[in-house]
Amino acid sequence: MSSILYTNEKQGAYPPSYYAASADPLPAFDPILGEQKCDVCVIGAGFSGLSAALHLRKAGYDVVLLDAHRIGWGASGRNGGQVGSGQRLDPLELEELVGGDVAAKLWNLGEQAKAMISHLTDQYSIECDFVSGVINANHRKSYAEETRRYVDHIQRTYGYENLTYLSQEDLSDIVPTNAYFDGTYDTGAGHLQPLRFSFGLAKACIELGVRIHEMSEVLSIDPGQKIDVYTASALLKTDYLVLAVNGYGGNLDAQVKRHVMPINNFIIATEPLTEDLAKSLISNNAAVADSKYVVNYFRLSSDRRLIFGGRESYRYRFPTDIKSYVRQAMLKVYPHLKDTRIDFGWGGVVGITMNRMPHFQWLSPNMITIGGYSGHGVALATLGGAIAAEAIGGVAERFSLMEAVPSDAFPGGGRLRLPLLSLGMAYYSLLDRLS
């Protein structure tokens, strides 16, 4: 993981998040030193990298996992914790993009991703506060008919009965707010504490014999039949390399940089709420995400805090006062929380792609990249690591399916892509405000 995109944070220190405060930290892993070798080097110790290392080691490979910071330091330990169904693009959009048959296969991958979360938490006894249920709430009344058709299509075409339509009355019974009109309820999805899940995956890697090195920023990669991976204190020679850095890739690989763009997203957590107040916000304890282009997403923690995420920025520094920055969005949904104390506020870098579908690619015959989950990565990134491990082992069907999804590079090259993205996102943010 590269440090080029550091914001106003301390290197190696977990952000001041509710997740870091409510997870038992792992002992620090020493930086890599000297000249070493392995079968597979995995760069990035988030969901993708941890899962790749875990599945590669289970397949018998000697695996070294490197991170510039700590386990789960990036988006994997900071995100909204929502375990969503399908892909980031919904099946109707995917049917237009790749056709019905491929869209169905991609939907099935999404179902396999959720099943993998359940399997790993059971197999390795990972305590991560998983709760079933995700609500998608429409912020525009005009979306109602389209949403009904979408639910009917998912049920009929994909045989997915866990998704139901919520009328305005149904939704207001669960999420009492004037901000939304109707939506959907997915009992096959859910939410979890992401940093605890990251730590659980890391413990499983350790038990299997993965060699983990933190504070080991990769400075450069020299491809070849044997790949040379350079840090400030080591040279690692490896037969294969998995690049699992998502939005933190910096300049490590030019191809990845063209396809995966970092943006900043922010989350707050309130003080613990009374049981009655918590139930008055989300009566069934589901996670909620809305239909805005710059999405608001929120859920209750195991100790009844409201964890609320929203707002974005495209600079390389976070806002000085994240709590106030996100609180504005929270109060538009729940204005009666104006006197509720905000205990935590933190930000993180999300890796997005042009079409919001993950970017999977063989960069060379022995170098692979997985990332660009665009805010839908808890389940898909975990599955992505397993898929990368399969591909290195010679079973490439699922990887080839993901790699074949069209993935355009961002326009503007290295200098203009960020200003162009900022301009485009500002336009959509304006539409959100005017709706």
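In short, a report on the structure. (Residues numbered from 1 in each chain as written. Predicted model: local features only at pLDDT ≥ 70, side-chain atom pairs only at ≥ 80, totals over all residues. Heavy atoms only, no water.)

The subject of this paragraph is the overall build of the protein. Secondary structure summary: the protein contains 13 helices and 17 strands in total. Its C-alpha atoms give the protein a radius of gyration of 21 Å, near enough to 22 Å, the size a compact globule of 435 residues would have. Projected onto the principal axes, the alpha-carbon positions of the protein cover approximately 65 × 45 × 45 Å. Split into buried and exposed, the 435 residues of the protein put 57% on the buried side. (Helix = DSSP H or I, 4+ residues; strand = E, 2+ residues; numbered from the N terminus. Rg over C-alpha atoms; globule rule 2.2 N^0.38 Å. Buried < 20%, exposed > 50% of the residue type's maximum accessible area, 1.4 Å probe, protein only.)

Once that is clear, we can look at unusual backbone geometry. Even without being a glycine, Asp129 presents a positive backbone phi close to 60°. Looking at the element boundaries, Asp129 is found in the loop between α4 (100-123) and β4 (131-138). Classification of Asp129 as partly exposed rests on a relative accessible area of 29%. Phi at Arg356 takes a positive value of approximately 70°, unusual for a residue other than glycine. Classification of Arg356 by relative accessible area gives buried; the value is 13%.

Further remarks concern empty space enclosed by the protein. Tallied over the full model, the rule gives two cavities of 30 Å³ or more. Looking at the second largest cavity, its volume works out to about 30 Å³. Leu243, Val245, Asn246, Val256, Val260, Thr369, Ile370 and Gly371 together form the lining of the second largest cavity. At three residues, strand β17 (residues 367-371) tops the list of elements feeding residues into the lining of the second largest cavity. For the lining of the second largest cavity, the residue count by class is five nonpolar, three polar and no charged. (1 Å grid on protein atoms, 1.4 Å probe; cavity = no way out; pocket = protein on both sides within 12 Å on 5 of 7 lines; lining within 4 Å. Points joined across faces, edges and corners; volume = space filled by probe spheres on them. Nonpolar A, V, L, I, M, F, W, Y, C, P; charged D, E, K, R; others polar.)

Let's shift gears to the nonpolar core. The biggest cluster of nonpolar side chains holds 77 residues, and the ones touching the most others in it are Val42, Leu56, Ile71 and Val242. Top contributing element to this core by residue count: helix α11 (residues 377-392), with 11 residues. Discounting chain neighbours no more than four positions away, the residues touching Ile71 are Tyr14, Leu26, Phe29, Ala45, Leu50, Leu195, Ser198, Phe199, Ala202, Ile212 and Glu214. The next biggest cluster of nonpolar side chains, apart from the first, holds 30 residues, and it includes Ile174, Leu273, Phe298 and Tyr325. (Core = buried A, V, L, I, M, F, W, Y, C linked by side-chain atoms within 4.5 Å. Contact = heavy atoms within 4.5 Å.)

For any two helices packed against each other, the geometry comes down to the angle between their axes and how far apart the axes lie. Interaxial distance between helix α2 (residues 47-58) and α11 falls to 7 Å at its minimum, and their mutual angle equals 35°. Judged by the sense of rotation from one axis to the other, the crossing of α2 with α11 is right-handed. Only Gly377, Val378, Ala381, Thr382, Gly385, Ala386, Ala389 and Ile392 of α11 make contact with α2, whose side of the interface consists of Phe47, Ser48, Ser51, Ala52, His55 and Leu56. Residue composition of the contact of α2 with α11, by class: eight nonpolar, six polar and no charged. (Axes fitted to C-alpha atoms, helices over the stretch in contact; angles between N-to-C directions. Left-handed = near helix turned anticlockwise from the far one by under 90°.)

Here Gln225 is to be found in the loop between β8 (218-222) and β9 (227-231). Gln225 sits 15 residues away from Tyr240 along the chain, and the two C-alpha atoms are 8.8 Å apart. If we ignore the near neighbours within four places in the chain, the residues touching Gln225 are Asp239 and Asn366.

Pairing analysis gives nine bridges linking strand β1 (residues 34-43) to strand β10 (residues 234-243), with the strands arranged parallel. Bridge pairing in β10 places Gln36 opposite Leu236. Where β1 and strand β2 (residues 63-66) come together, four bridges link them in parallel fashion. Looking at β2, one finds that Cys41 is bridged to Val64. Once you follow β1 into α2 and on to β2, the crossover reads as right-handed. (Pairing = 2+ DSSP bridges. Right-handed = clockwise from strand over helix to strand, strands pointing away.)

As a further point, take the pattern of salt bridges. Here the structure, examined in full by the defined rule, presents 14 salt bridges. Notably, a salt bridge pairs Lys114 with Glu111, separated by 2.9 Å at the nearest N-O pair. Here the residue Lys114 and the residue Glu111 both occupy positions in helix α4, the gap between them amounting to three residues, near one helical turn. Under the relative-accessibility criterion, Lys114 is labelled buried at 10%. With relative accessibility at 23%, the residue Glu111 sits in the partly exposed group. Notably, a salt bridge pairs Asp303 with Arg305, separated by 3.1 Å at the nearest N-O pair. (Salt bridge = Lys/Arg side-chain N within 4 Å of Asp/Glu carboxyl O.)

Residue pairs spaced three or four apart in an α-helix point in one direction, given the helix's 3.6 residues per turn. In this model α2 runs 16 Å from its N-terminal to its C-terminal C-alpha over 12 residues, within 8% of the 16 Å that 1.5 Å per residue would give. Where burial is concerned, most of α2 is hidden: 10 out of the 12 residues are buried. Among all positions of α2, only Phe47, Ser48, Gly49, Leu50, Ser51, Ala52, Ala53, Leu54, His55 and Leu56 are buried. At the exit of α2 stands Gly60, carrying a positive phi of roughly 100°. (Expected span 1.5 Å × (residues − 1).)

Quick look at the state of the cysteines now. In this structure the tally under the stated criterion is zero disulfides. Cys38 takes part in no disulfide bond, and the closest cysteine sulfur to it belongs to Cys41, at a distance of 5.5 Å. With a relative accessible area of 6%, Cys38 lands in the buried category. The class for Cys41 is buried, based on a relative accessible area of 0%. (Disulfide = S-S within 2.5 Å.)

It is worth spelling out the side chain of Thr382 at this point. Secondary-structure assignment places Thr382 in helix α11. Overall, the relative accessible area of 0% leaves Thr382 in the buried class. In this structure, Thr382 is in contact with Phe47, Ser51, Met116, Ile117, Leu120, Phe197 and Gly377, ignoring residues within four places of it in sequence.

Now for the packing of aromatic side chains. Taken as a whole and assessed by the stated rule, the structure comprises 15 aromatic pairs. Residues Phe298 and Phe308 carry aromatic rings whose centres are separated by 5.2 Å and whose planes lie at 10° to one another, so their mutual orientation is stacked. Linking Phe298 in strand β13 (residues 297-300) with Phe308 in strand β14 (residues 306-313), this pair joins segments that are 10 residues apart in sequence. One exposure class covers both Phe298 and Phe308, and it is buried. By way of ring pairs, the aromatic residues Tyr18, Tyr19, Phe344 and Trp346 are connected into one cluster. Across the ring face of Trp73, the terminal group of Arg78 is positioned such that the distance to the ring centre comes to 4.4 Å. (Phe/Tyr/Trp six-rings, centres within 6.5 Å; stacked < 30°, edge-to-face > 60°. Lys NZ or Arg CZ within 6 Å of the ring centre and 35° of its normal.)

Any functional reading would require information beyond the geometric quantities listed.
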